[in-house]
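# Chains, contacts and geometry: an overview
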2 protein chains.
Amino acid sequence: MEVVLIGAGNVATQWGTAFQEKGYSVMQVYSRTLDSAKALGEKLQVPYTQQIQDVVREADLYLFAVKDSALPEIVKVFPPVEGLAAHTSGSVPMDVFAGYFDRYGVIYPLQTFSKTRAVSFENIPIFIEANNRDDENQVEKMASTFSDQVIRLSSEKRRQLHLAAVFACNFTNYLYTVAARILEEHDLPFDVLIPLIRETAAKVEEMPPILAQTGPAVRNDKNMIDKHLEMLRDYPDRQELYRILSESIYKETIL
Amino acid sequence: MEVVLIGAGNVATQWGTAFQEKGYSVMQVYSRTLDSAKALGEKLQVPYTQQIQDVVREADLYLFAVKDSALPEIVKVFPPVEGLAAHTSGSVPMDVFAGYFDRYGVIYPLQTFSKTRAVSFENIPIFIEANNRDDENQVEKMASTFSDQVIRLSSEKRRQLHLAAVFACNFTNYLYTVAARILEEHDLPFDVLIPLIRETAAKVEEMPPILAQTGPAVRNDKNMIDKHLEMLRDYPDRQELYRILSESIYKETIL
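### A short note on the overall build of chain A
Per the secondary structure count, chain A includes nine helices and eight strands. Over its C-alpha atoms, taken along the principal directions, chain A stretches across nearly 70 × 40 × 30 Å. Residues counted as buried form 58% of the 255 residues belonging to chain A. In chain A, once contacts between residues fewer than 6 apart in sequence are set aside, the share between residues at least 24 apart is 50%. Looking at chain A as shown, the accessible area adds up to about 11,100 Å², and 46% of this sits on carbon and sulfur atoms.

### What about the side chain of Gln-14 of chain B?
When you line up the elements, Gln-14 of chain B lands in helix α1 (residues 10–21). When sequence neighbours within four positions are dropped, the list of residues in contact with Gln-14 of chain B reads Phe-113, Ser-114, Arg-117, Val-119 and Phe-121 of chain B.

### A look at the interface of chain A and chain B
Contacts between the two partners involve 85 residues from chain A and, on the opposite side, 85 residues from chain B. Taken together, the links from chain A to chain B amount to six salt bridges. For Arg-198 of chain B, the salt bridge is made with Glu-205 of chain A, and the minimal N-O distance between the two is 3.0 Å. Our enumeration of links across chain A and chain B arrives at 30 residue pairs in polar contact (both at pLDDT 80 or more). For the side of chain A that touches chain B, the secondary-structure elements that each account for two or more residues are α5 (155–185), α6 (194–203), α7 (209–212), α8 (222–231) and α9 (236–254) of chain A. Classifying every residue of the side of chain A that touches chain B by side-chain character gives 48 nonpolar, 21 polar and 16 charged.

### So, the pairing of strand β2 (residues 25–30) of chain B
All names here are of chain B. With five of six residues buried, β2 is to be regarded as a mostly interior element. Bridge count for strand β1 (residues 2–6) against β2 is five bridges, and the pairing is parallel. Note on β2: the bridge partner recorded for Ile-6 is Tyr-30. Each parallel crossover has a hand, and the one from β1 via α1 to β2 is right-handed. Relative to strand β3 (residues 48–49), β2 runs parallel, the two sharing two bridges. Within the sheet, the bridge partner assigned to Val-29 lies in β3 and is Tyr-48.

### Let's talk about the sheet that holds strand β2 (residues 25–30) of chain A
Residue and element names in this part refer to chain A. Overall, mixed pairing links the eight strands, which are arranged β3-β2-β1-β4-β5-β6-β7-β8 in an open sheet. The open sheet has two edge strands with one neighbour each: β3 (48–49) and β8 (150–152). As judged from the three bridges shared by strand β7 (residues 126–130) and β8, these two strands associate in the parallel manner. In the strand pairing of β8, Phe-127 is matched with Ile-151. On top of the sheet, helix α4 (residues 133–144) reaches β4 (61–64), β5 (84–87), β6 (104–109), β7 and β8; it is set at about 160° to β7, its chief contact.

### Some words on the pairing of strand β5 (residues 84–87) of chain B
Residue and element names in this part refer to chain B. Burial of β5 is two-sided: the residues Leu-84 and Ala-86 facing one way and the residues Ala-85 and His-87 facing the other way are all buried. As defined by bridge partners, strand β4 (residues 61–64) adjoins β5 across four bridges and the pair is classed as parallel. From the neighbouring strand, Phe-64 faces β5, where its bridge partner is His-87. Taking the sense of rotation as the criterion, the β-α-β connection linking β4, helix α3 (residues 71–77) and β5 turns out right-handed. Relative to strand β6 (residues 104–109), β5 runs parallel, the two being bridged by three bridges. Directly across from His-87, in β6, lies its bridge partner Val-106.

### Remarks on the sheet that holds strand β7 (residues 126–130) of chain B
Strands pair in a sheet through their backbones, by hydrogen bonds, and they do so in one of two ways: parallel or antiparallel. All names here are of chain B. A sheet is described by the order of its strands in space; here eight strands give the open sequence β3-β2-β1-β4-β5-β6-β7-β8, paired in mixed fashion. Here the strands that pair on one side only, and so sit at the sheet edges, are β3 and β8 (150–152). Pairing analysis gives four bridges linking β1 to β4, with the strands arranged parallel. If you follow Leu-5 over to β4, its bridge partner there is Leu-63. On top of the sheet, α1 reaches β1, β2, β4, β6 and β7; it is set at about 165° to β1, its chief contact. Strands β5, β6 and β7 of the sheet are contacted by helix α5 (residues 155–185), whose axis makes an angle of about 25° with β6.

### So, the relation of the copies chain A and chain B
With an RMSD of 0.0 Å, chain A superimposes on chain B once it is rotated by 180° and translated 0.0 Å along the axis. Each copy turns onto its partner about a two-fold axis. Measuring from the rotation axis to each C-alpha of chain A, the shortest distance belongs to Thr-172 of chain A, at 2.7 Å.

### Section: the pattern of salt bridges
All told, the structure shown has 30 salt bridges over all chains when counted by the stated rule. For Arg-159 of chain B, the salt bridge goes to Glu-156 of chain B, with nearest N and O atoms at 2.7 Å. Linking Arg-159 of chain B with Glu-156 of chain B, this pair stays in helix α5, spanning three residues, or about one helical turn. We classify Glu-156 of chain B as partly exposed; its relative accessible area is 38%. In this structure, a network of salt bridges that share partners links the residues Glu-136, Glu-140 and Arg-152 of chain A.

Cut-offs applied
- Here, residues in each chain are numbered from 1, in the same order as that chain's written sequence.
- Whichever chain is written first is A, and whichever ligand is written first is 1; the rest continue in order.
- At least 70 in pLDDT is required for a residue's local features to be given in this predicted model, at least 80 for side-chain atom pairs to be given and counted, and no such filter applies to totals for whole chains, interfaces and linings, which use all residues.
- No hydrogens and no water enter the side-chain calculation; it runs on all heavy atoms of the structure.
- By definition, any uninterrupted DSSP run of H or I lasting at least four residues is a helix, any uninterrupted run of E lasting at least two residues is a strand, and each is numbered from the N terminus.
- Each residue's exposure class comes from its accessible area (1.4 Å probe, protein chains only) as a fraction of the maximum for that residue type: buried when under 20%, exposed when over 50%, partly exposed otherwise.
- Any two residues having at least one pair of non-hydrogen atoms within 4.5 Å are treated as being in contact.
- Throughout, the Shrake-Rupley method with a 1.4 Å probe supplies accessible areas, and for residues the shown protein chains are the sole cover considered.
- Within this document, salt bridges are pairs made up of a side-chain nitrogen of Lys or Arg and a carboxyl oxygen of Asp or Glu, the two lying within 4 Å of each other.
- Polar contact is the term for a pair of N or O atoms within 3.5 Å; when the atoms are in protein, one must be able to donate a hydrogen and the other to accept it, and sequence-neighboring residues count only if both atoms are side-chain atoms.
- Amino acids outside the nonpolar list (Ala, Val, Leu, Ile, Met, Phe, Trp, Tyr, Cys, Pro) and the charged list (Asp, Glu, Lys, Arg) are all regarded as polar, and Gly is one of them.
- Strand pairing follows a simple DSSP-based rule, namely that at least 2 bridges must link the two strands.
- Crossover handedness is defined by viewing with both strands directed away from the observer: a clockwise path from the first strand over the helix to the second marks the crossover as right-handed.
- Axis definition: a line fitted to C-alpha atoms, limited for helices to the stretch in contact. Angles are taken between N-to-C directions and run from 0 to 180 degrees.
- The atoms used to superpose the copies are C-alpha atoms, taken from residues with pLDDT of at least 70 in both, and the fit is least squares.

As structure tokens, then:
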């Protein structure tokens, strides 16, 4: 299978590397930013271009790994191809391709990608979709070379999954940041929290998070909650966050 | 070293088991609730009582593992003893013992305890404090039999650490619950989020959480944020939580 990568950021880089590791041929990298196209092209040792009209036409798969907001624009000006177009976004419906490609789908790995940290697709669920049965089978087969957990999912369910992931990953990481700030401000190292963070994450592999809930809010320990709010008096944003989270925990767990 | 356990809940149970594993002698369990005292006494195969006047007087250590709110009351009516009194709370100052005991301190393991899940103290930082140098050394030595990471910490810093832990553990777990609810409502299994939760937690072992931040808020992707808020329209609490977290992430990361 011959692949053209559309995009040259974190996600495109992870995919490009993964494709080559699994023996797929990456034919070309396209990015609107020449520097990015060049960097990824050189990393993968394949041709690159920033001219959309120079994209090779005979690939089997055009993998769109670009920002969600850029996707519709690039799709609109893409040259006509026979290959399958697929994007990797959690929140963009498959239909973004409709009218511009005959064959299209989605390959959405549920994971958080950072430039500086290698992530394998192996233990990551990949959610797929395609606009026809043959291509859905093909996408499923392809995704299965990367992951044991390949799941067919509609665009509507995928965007709900993506929203859930924003809570479980992006927002969770921000709470780690708030904790880090509090420690910093009192000359305490962040590292002491690592075992707690690890255990909190590990617990929900064994029990539903609602049953794993501990802390002052679930005990409705108003005395401690008030003390904490008082400790946060110079940080109104954190205070508000503390208040709404504690109220939500209490409401959710008494119902 | 001979220990009396004051309290018979999750935390007292973990400590009782740990003491016995390390060869300490648990002399007695005291709890105001007879059923709890009995359950833990029988589990550890040691005497138990719900009468505070029946607490044995000759122990080396009285470990108070009770609710924060119960601590001052129990301390006030405790019979006079020569042994060391220590509590295990993150947020109660050591001085809760002042005037009632001559020798006292704190042994605070930074971890989340649930009834149904065994937790070893081994890889958990334990924060200690005592009202005199000799006992501080003794508490440090004792804590070191349980953990490699024993850290002396003042009551003031300990309560800041505890507040940070509420964000990193209790509030984080609640975000897992919100994610679980969203998935539930769309017939998706919670399990698919596990690799993401695990990776989000693992990332901050390698980089500060502020640098690990991903998602729509840090990109200031207003289009996606608006779509998510719209998806949450029937859940005003979640919507408010989403809004304040996204605003905080944006503010924190542009500064």
